[in-house]
Amino acid sequence: MSATTAVRPAASGTTGAKPVRARRKTGAGLGLVAWLAGIVFFLPIAWMAMTSFHSEEDAATNPPSFAASLTLDGYREFFGADGGASPWPALINSAVASVASTLFVLVLALPAAYALSIRPVKKWTDVLFFFLSTKMLPVVAGLLPIYLFAKNTDLLDNIWLLVILYTSMNLPIAVWMMQSFLAEVPVAIIEAARVDGAKLPTILARVVAPIALPGIAATSLICFIFSWNELLFARVLTGVVAETAPVFLTGFITSQGLFLAKVCAASLVISLPVLAAGFAAQDKLVQGLSLGAVK
């Protein structure tokens, strides 16, 4: 009996160690896959950054020359040092359209998400599906009617037309996202605020918004990125006054050819606001996108 008793704990310990080793191997494998995926996604950005510091002759070589001398000529040409067009009006227009439309989306989406989650209306799932179904229409299908409307109302080449369009385009996604975020807000806190006499605007601003701040940050960042990167409507509906950064970037593709170093420099500069916003809100973005994933 003593020999049998002495053997059993050893066998049990060996059996318990195998799942631990298996989990460690699985974790190491997933970590390696994540690193490889990150490198694959990072390589084009690194290639673009490296090419932006080369001259046009070195950037056009095939295969590319890694030992080529570095220069800032691409950035100087982008910022109009050689008498070219200045990118600042286009960058300012993109910032105005993206920030203003994102603020409008948050103001409209927060009460809608509140009504669909904390104070649910009847058939709220059908309402969410209707919001999402508005994104099923191809963008190009609505381009001609919107262009004719803008032409007849003298809104062509007007930055506020883009603000209205970006708000309407991002609102369904924002409502869909924020509904899931606000569903995690404890109802007891809202009822306590209502008992204390707080009205709906106060509840939204001082109770719901602070609790759902990670989700609001994730939603606003996604809306900002979508607005900043939008090209089709900005290309068709703007000219000189309301030209945005993506439209300004397409101007580097001319009949004389593609100036690769200057395009890479311009692409890197135009991408910096989105990268900076994502880096600044990365903790809130992770919290918001994972909100409700772990109970």
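In short, a report on the structure. These figures come from a predicted structure and were not determined experimentally.

## A word on the nonpolar core
Met 178, Leu 182, Ile 190 and Val 208 are the most contacted members of the largest nonpolar core, which totals 27 residues. At the level of secondary structure, the elements contributing two or more residues to this core comprise α4 (88–117), α7 (159–182), α8 (187–195), α9 (200–211) and α10 (213–229). By size, the runner-up hydrophobic cluster in this structure holds 18 residues, among which are Tyr 75, Ala 266, Val 269 and Ile 270.

## Some remarks on the side chain of Thr 219
Note that Thr 219 resides in helix α10. The buried category is assigned to Thr 219, whose relative accessible area is 0%. Setting aside anything within four residues of it in sequence, one finds Thr 219 in contact with Ala 174, Met 177, Met 178 and Phe 181.

## Quick word on the environment of Ile 118
In this fold, Ile 118 is placed in the loop between α4 and α5 (124–133). A residue is classified by how much of its surface remains accessible, and Ile 118, at 10% relative accessible area, is buried. Excluding residues within four positions of it along the chain, Ile 118 makes contact with Ala 113, Leu 182, Val 185, Ile 190 and Val 208.

## Overview of a positive patch on the surface
On the surface, Arg 21, Arg 23, Arg 24 and Lys 25 cluster together into a patch of positive charge. Among the secondary structure elements, Arg 21 is positioned in helix α1 (residues 2–52).

## Focus: the pattern of salt bridges
Under the criterion given, the structure shown has two salt bridges. A salt bridge links Asp 73 to Arg 76, with the nearest nitrogen and oxygen atoms 2.8 Å apart. Here the residue Asp 73 and the residue Arg 76 both occupy positions in helix α3 (residues 73–78), the gap between them amounting to three residues, near one helical turn. Linking Glu 77 and Lys 262 is a salt bridge whose minimum nitrogen-to-oxygen distance equals 3.6 Å. Within this pair, whereas Glu 77 is found in helix α3, its partner Lys 262 is found in helix α13 (residues 260–280), the two being separated by 185 residues in sequence. Exposure remark for Glu 77: the relative accessible area of 28% places this residue in the partly exposed category.

The rules behind these values
Residues numbered from 1 in each chain as written. Predicted model: local features only at pLDDT ≥ 70, side-chain atom pairs only at ≥ 80, totals over all residues. Heavy atoms only, no water. Core = buried A, V, L, I, M, F, W, Y, C linked by side-chain atoms within 4.5 Å. Buried < 20%, exposed > 50% of the residue type's maximum accessible area, 1.4 Å probe, protein only. Helix = DSSP H or I, 4+ residues; strand = E, 2+ residues; numbered from the N terminus. Contact = heavy atoms within 4.5 Å. Patch = residues over 30% accessible without salt bridge, like charges linked within 9 Å, V, L, I, M, F, W, Y side chains within 5 Å. Areas by Shrake-Rupley, 256 points an atom, 1.4 Å probe, with all protein chains shown as cover. Salt bridge = Lys/Arg side-chain N within 4 Å of Asp/Glu carboxyl O. Lys, Arg positive; Asp, Glu negative; His and termini not counted. Charge placed at Lys NZ, Arg CZ, Asp CG, Glu CD.

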